[in-house]
Amino acid sequence: MDKIVGIGNALTDILVNIEDDSFLKRLNVNKGGVRFIDKEEFAATNETIARMNPYYSTGGSAGNTIRALSMLGLECGFIGKAGNDRYGEFYRKDFDKLGITTHILCGDLPSGAAITFISPDGERTFIDYLGAASTLEETDLSIDMFKDSTCLYLEGYLVQNHNMIIKAAELARQAGLQICIDLANADVVKSELDFFKQLVTKYVDIVFANEEEAKAFTGKSPEKALEDISKMCSITVVKAGKKGAYIKKGCDTMHICAEKVDKVIDTTGAGDYFAAGFIYGLACGYSMEKCGKIASLLSGHIIQTIGTTLPEDTWGRIKEGINNIIS
């Protein structure tokens, strides 16, 4: 079966429940917003949250996708950078435990982390420190990292490092891999639009985008954006939340309904899990429709839990759902 290798920010997710929103004011972050912090502020924040019973899990966009693919039984690899500290050790050990082939290089900065503060009403507020994850360079990459794989999954958040992304794409091509990219963030797409278009046109086979990212890429609605992006690559997927997803391969276009859920708890990782389900379907040789339904199934489960990891019994239900889709 296919082996998938991902490259992305090796970030540890830290989830913290807060009793009231006055805590957010002390951290100088708007409720529901995101703020990036430096090494010194991260150290101070770390000391504070260590006393608040936080929950830890491996994260980062590509990391979430690769972890989910591994849980579905695919052979996987991951390329990233972390510090020589407890978060870096946590990330490496977690992926090693799952049998993921890791190329997590050691950087000089502390390991990156995405801290999520959960208010009593369920609203999420983010403080991110990229740290060592942001220092992955083209000189860190080698052809051996891509050998024996069939597909490279790129995280769009990395695209600001042009030289590193191009080097990864070129090495993947030399090794005969297909290349997938998730556009990751509409603001990043806007700021790097020309480079994104060059990258997709020259190297990418499969593009994943949500409707905001697709609009930033093309200036158009999901269905029209699908048409435009599909002219640049082999398979295009535009996710539209509750409205489902649109898929185009060649002359074939289809709409996949969103999975029906009782209650949306946390949308973090929904796109990452959608990509995992779709890539899993492709790796198994299923039709585009079945790939889309598996993707919808996975994203429907992750939005019903806090964070981006699922317990074993949920994976059991997911695998039963996949069997129903393919039967």
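Residues numbered from 1 in each chain as written. Predicted model: local features only at pLDDT ≥ 70, side-chain atom pairs only at ≥ 80, totals over all residues. Heavy atoms only, no water.

Moving on, we come to the pairing of strand 6 (residues 101–107). As judged from the 7 bridges shared by strand 5 (residues 75–83) and strand 6, these two strands associate in the parallel manner. Bridge assignment links glycine 80 to a residue of strand 6, and that residue is isoleucine 104. Remark: the strand 5/helix 4 (residues 86–97)/strand 6 crossover connection has right-handed handedness. (Pairing = 2+ DSSP bridges. Helix = DSSP H or I, 4+ residues; strand = E, 2+ residues; numbered from the N terminus. Right-handed = clockwise from strand over helix to strand, strands pointing away.)

Before going further, it helps to examine helix 5 (residues 162–174). The end-to-end C-alpha distance of helix 5, which contains 13 residues, comes to 18 Å, matching closely the 18 Å that a straight helix rising 1.5 Å per residue would cover. Among all positions in helix 5, only Met164, Ile165, Ala168, Ala169, Leu171 and Ala172 are buried. Projection of helix 5 onto a plane perpendicular to its axis shows the buried side chains occupying an angular sector of 165°, all on one side. Facing away from the buried side of helix 5, by more than 90 degrees, are the exposed residues Asn163 and Gln174. (Expected span 1.5 Å × (residues − 1). Buried < 20%, exposed > 50% of the residue type's maximum accessible area, 1.4 Å probe, protein only. Arc of directions from axis to C-beta.)

Attention now goes to the packing of aromatic side chains. Aromatic ring pairs are reported here in terms of the distance separating the ring centres and the angle at which the planes meet. This structure, assessed with the given rule, holds 9 aromatic pairs. Ring centres 5.9 Å apart and planes at 35° place the aromatic pair phenylalanine 78 and tyrosine 91 in the tilted group. With phenylalanine 78 in strand 5 and tyrosine 91 in helix 4, this pair connects stretches of sequence that are 13 residues apart. Taking 4.8 Å as the distance between ring centres and 45° as the angle between the ring planes, the aromatic pair formed by tyrosine 91 and phenylalanine 95 counts as tilted. Here tyrosine 91 pairs with phenylalanine 95, and both are found in helix 4, just 4 residues apart, close to one helical turn. Across the pair, exposure class does not vary: tyrosine 91 and phenylalanine 95 are buried alike. Within the aromatic cluster, the residues linked to one another by ring pairs are Phe42, Tyr56, Tyr87 and Tyr129. Across from the ring centre of phenylalanine 217, 5.9 Å away, lies the NZ or CZ of lysine 197, which sits over that ring. (Phe/Tyr/Trp six-rings, centres within 6.5 Å; stacked < 30°, edge-to-face > 60°. Lys NZ or Arg CZ within 6 Å of the ring centre and 35° of its normal.)

None of the figures reported here should be taken as evidence of function without further support.
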